[in-house]
Amino acid sequence: VKGNAIAQTIEFHAREGKTSEIRAIAIGLFMRNRDRTGLTRIMDFASEDDLAVSSAALSVLRQQAGDTEFRKLLDLYAKKRGGVLVVLTAVCARARNPSLVSSEIISFMREHEEPGQHRQLIALFPILGSSNGLAAVEALIGKGKIHSDIAIAALAKWPDATALPEMLQIMKSENKDPVVTGQMAKGVAKLVASSTELSLEQRVRYAADAFEIATASRERILLLPILGQLPHDRSIDLVESMLTDRQIGAHAASAAVNLCEKLVEK
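Participant: Give a detailed account of the side chain of Glu166, specifying residues and quantitative values.
Facilitator: Within the secondary structure layout, Glu166 lies in helix α12 (residues 164-172). Although Glu166 is buried, it makes no salt bridge; Lys172 carries the closest opposite charge, 11 Å away. When residues no more than four places from it in sequence are discounted, the contact partners of Glu166 are Glu138, Ile141 and Leu155.

Participant: How would you sum up helix α10 (residues 131-140)? Please name residues and give values.
Facilitator: Here α10 has its buried residues at Asn132, Gly133, Leu134, Ala136, Val137 and Leu140. Buried residues belonging to α10 abut α7 (98-111), α8 (115-122), α9 (125-128) and α11 (145-156). Following α10 by one or two positions, Gly142 adopts a phi angle in the positive range, close to 85 degrees.

Participant: Account for the environment of Val264, with residues named and values stated.
Facilitator: Locating Val264 in the fold gives a position in helix α17 (residues 249-265). Residues Val264 and Leu76, 188 residues apart in the sequence, show an inter-C-alpha distance of 58 Å.

Participant: Account for the pattern of salt bridges, with residues named and values stated.
Facilitator: Enumeration over the complete set of coordinates arrives at seven salt bridges. With a closest N to O distance of 3.7 Å, Asp49 and Arg81 form a salt bridge. With Asp49 in the loop between α3 (36-46) and α4 (51-64) and Arg81 in the loop between α5 (67-78) and α6 (84-93), this residue pair connects regions lying 32 residues apart in the sequence. Residue classification places Asp49 among the exposed residues on the basis of a relative accessible area of 74%. Measuring nitrogen to oxygen at the nearest pair gives 2.7 Å for the salt bridge that ties Arg234 to Glu212. Taken as a pair, Arg234 in helix α16 (residues 233-241) and Glu212 in helix α14 (residues 200-213) lie far apart in primary sequence, 22 residues in all.

Calculation notes
- Residues numbered from 1 in each chain as written.
- Predicted model: local features only at pLDDT ≥ 70, side-chain atom pairs only at ≥ 80, totals over all residues.
- Heavy atoms only, no water.
- Helix = DSSP H or I, 4+ residues; strand = E, 2+ residues; numbered from the N terminus.
- Buried < 20%, exposed > 50% of the residue type's maximum accessible area, 1.4 Å probe, protein only.
- Lys, Arg positive; Asp, Glu negative; His and termini not counted.
- Salt bridge = Lys/Arg side-chain N within 4 Å of Asp/Glu carboxyl O.
- Contact = heavy atoms within 4.5 Å.

Encoded structure:
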C-alpha cells in the first residue's frame, strides 16, 4: 500500500506540479517504475512542449525504453524534437528484436522524406545488425550521394561477417573512390579479425581478396596485419610478395614474423 501511495504521489506531481522543475523531478522518479504502463505515461510527458518536462521524460526513456516504445519515439522524432535521436540510439543498442526495430526504421523512412533524418536513421542500422537492416543499407548504396555516403559508412561499421560479400563487391566496383575503398578495407580487416564464426579458409579468402583488389598502400597496410594472423598458403604468398615493396615492405615483414609464430604454434 505504501508503495502504491508513493507511486500515486509521484504521478500526481509529474502531471500537476506547480512548476516545470517540480514536474521534471517527479518524472525523474519514474525511473524506479519499470513496467510498460509507466513508460507509456513517460511517452506522454516526452511529447509536451515544456522543455524541462520533455527533457526529463527523454532522460528516463533513454535508460528504460525498449522495442515496444520505438515506434512512438520515431513519431516524436518526426516532429524534430531535440534529444530523441539519443533515445533511439540507446534503444537500438539494447533491442531484443533487432529485425523488428529495423523494420520500424525502414517503414518510417518510406513515410517521411526528410534527408537529414534519413541520414541519422541509416546510421542506426549497424547498431542493430539485422539482416533486413543490412539489405536496406545495401539498397541505398549508389542511390544518390545523400543516402549513399552514409549507407557506405554504415556498411563499413557492420558488426558481423554477413556484410563482407557486399564490402568486397564495392571494392571491386568501377570508378573507385579511394575514400570508399579505404572504408571497406578497414571494415573487412575488422570483421575478419573479430568474426570467430568464420573458418580459417573463409577468413583468408575475404582478407586475401580484399588485399588483391586494393591498390593503394594505405589499404594494404590495413590488411597486412590480418593476413599475418592467418597461417595459410595464400596468406604466406601474399605477404612474401610484399617484402620487397618499398612502401609497405616493413609492414609485410611484421606480418611475416607473425605468420612464422602462428605456423610454429600450429
